[in-house]
Each structure stands twice: as C-alpha cells, then as structure tokens.
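Listed here are the chains, written in short residue letters.
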Amino acid sequence: MAGPHAPRTRRAVLRLAALAAAAAVIGPDLARADAKAVEAELKKLFDGKTMAEGRVKLDVPQIAENGLVVPITVEVESPMTEQDYVKAVHVFADGNPLPGVLSFRFSPAAGRASASTRMRLAQTQNIIAVAEMSNGALFTTKAEVKVTIGGCGG
C-alpha cells in the first residue's frame, strides 16, 4: 500500500518527464543565438558605439571537422603603449546558446594583443571579434566557420 505522498511523486515525475520531452523537441531551436542576439549583446556592451573594420585578425578554420574543439586565435594591431593599447577583445558566435563566448583582457604590459584558445561550435556559424581600445575606439572582424559532421557539410 503506497503512502499519501506516492501519487504526488509519480505525478511530479511524469510532469517533469513531459517538460523534459518538450524541451528536447523545442529547445534546440530556441537555444541558439542569432545575428539579432549578437547585435543586442553588442549594443548592451558598447551602447551602440560605431565599430570600424580592421586592426583585428581572427584566425579560425573555414571548415571544422570536429566542432567540439575549434581553434581560435585573435590578434589586434596595436603599439601596446600606455597611451594606446587594447583593453579587451570580445568573441561572439551567432549560433551558440549565448552569443558572448569569451573575452580576453590586455594591458600595455602584455606587449602584444594576441590570444589563442579552443571553442565548441555545434553548427556552421559566424564568429565575431570586437577589440576595445584604450581610447574607446572599437574594431571588429567576422569569419564563418563551417562545422561538418564526419567530413560532410553541416
């Protein structure tokens, strides 16, 4: 004979299972950022300041056969002096669940504004890098990374 709490526990488990199933079906499409989400994040971070092309070099593969470990290197042309240096570089991906992927912070002591890491990409998407300079100027660049599954387009 089951106690008075058993039916509620089963119902709660069934509700939770139903919610999980719905999230599995609907969630993947809702969980991706897009160009609008990236724009909103940029506006929030930089208050709509104008971004110029140039000075930022983004080195990512054009085709990534393994989206779990995509190498990324970002480098910004700067003298890295006390008067003119790169404060930060922010990297965004328009197909990841959250558009802001990572940020690198620099100071004149770094000597060079360059950093490398690996990131995970579940699908083909654009990678956007924004360099924030000490004088408030913003520079940007963008590259598309095509993520393949077993060497076939994705």
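How each quantity is defined
Residues numbered from 1 in each chain as written. Predicted model: local features only at pLDDT ≥ 70, side-chain atom pairs only at ≥ 80, totals over all residues. Heavy atoms only, no water. Helix = DSSP H or I, 4+ residues; strand = E, 2+ residues; numbered from the N terminus. Buried < 20%, exposed > 50% of the residue type's maximum accessible area, 1.4 Å probe, protein only. Contact = heavy atoms within 4.5 Å. Areas by Shrake-Rupley, 256 points an atom, 1.4 Å probe, with all protein chains shown as cover. Pairing = 2+ DSSP bridges. Axes fitted to C-alpha atoms, helices over the stretch in contact; angles between N-to-C directions. Salt bridge = Lys/Arg side-chain N within 4 Å of Asp/Glu carboxyl O. Polar contact = N/O pair within 3.5 Å; in protein donor to acceptor, adjacent residues only side chain to side chain. pLDDT = per-residue confidence, 0-100.

Trainee: Would you take a moment to explain the overall build of the protein for this structure?
Mentor: When you go through the protein residue by residue, the secondary structure sums to 2 helices and 9 strands. Moving toward the C terminus, one meets the helices and strands of the protein in the order α-α-β-β-β-β-β-β-β-β-β. Put simply, the protein has 154 residues, and 32% of those count as buried. If you take every contact in the protein between residues at least 6 apart in sequence, the share linking residues at least 24 apart comes to 61%. As displayed, the protein has an accessible area near 9700 Å², and 55% of this comes from carbon and sulfur atoms.

Trainee: I would appreciate a short explanation of the side chain of T141 in the present structure.
Mentor: Along the chain, T141 turns up in strand β9 (residues 138-147). For T141, a relative accessible area of 17% corresponds to the buried category. Once you skip the residues sitting within four places of it in the chain, T141 turns out to touch E53, V56, L58, I127, I128 and A129.

Trainee: It is not clear to me how the sheet that holds strand β2 (residues 56-59) should be interpreted in this structure. Could you clarify?
Mentor: Whether parallel or antiparallel, the strands of a sheet pair through hydrogen bonds between backbone atoms. With antiparallel pairing, 3 strands are arranged side by side in an open sheet as β2-β4-β7. In this open sheet, the two strands that pair with only one neighbour each are β2 and β7 (113-119). Across the sheet, the axes of successive neighbouring strands diverge by a mean angle of 15 degrees, strand direction being ignored. Taken together, the 4 bridges between β2 and strand β4 (residues 70-76) define a ladder with antiparallel strand orientation. By the bridge assignment for β4, V56 is matched with V76.

Trainee: How do you make sense of unusual backbone geometry when you look at a structure like this?
Mentor: Across residues other than glycine, the phi torsion is negative in most instances, and most of the peptide bonds are trans. Unlike most non-glycine residues, D47 shows phi in positive territory, near 55 degrees. In this structure, D47 sits in the loop between α2 (35-46) and β1 (51-53). Here D47 falls in the exposed class, since its relative accessible area comes to 69%. If you check the backbone angles, R55 has positive phi at about 65 degrees while not being a glycine. Within the element layout of this structure, R55 appears in the loop between β1 and β2. For R55, a relative accessible area of 28% puts it in the partly exposed group.

Trainee: What is the right way to read the pattern of salt bridges from this model?
Mentor: When charged atoms on two side chains of opposite charge get close, those side chains can pair. Scanning the model with the defined rule gives 1 salt bridge in all. The closest approach of N and O atoms between K44 and E41, which form a salt bridge, is 3.5 Å. With K44 and E41 both in helix α2, this residue pair falls 3 residues apart, about one helical turn. In this structure K44 comes out as exposed when scored by relative accessible area, which is 63%.

Trainee: Honestly, the side chain of T140 in this entry has me stumped. Any pointers?
Mentor: Tracing the sequence through the fold places T140 in strand β9. Note on T140: relative accessible area 11%, which makes it buried. In this structure the side chain of T140 is engaged in a polar contact, spanning 2.9 Å, whose partner is the backbone oxygen of A129. If we ignore the near neighbours within four places in the chain, the residues touching T140 are M51, A52, E53, G54, V56, I128, A129 and V130.

Trainee: Teacher, can you tell me more about the confidence of the model for the protein here?
Mentor: Close inspection of predicted coordinates is inappropriate for parts of the model with low pLDDT. Per-residue confidence for the protein averages 83 on the pLDDT scale, and 75% of its residues sit at or above 70. For the protein, helix α1 (residues 6-30) is the element with the lowest average pLDDT, namely 54, and β2 is the one with the highest, namely 98. Low pLDDT, under 50, characterises residues 22-30; the stretch is placed with 2 contacts to residues that sit more than four places away or in other chains.

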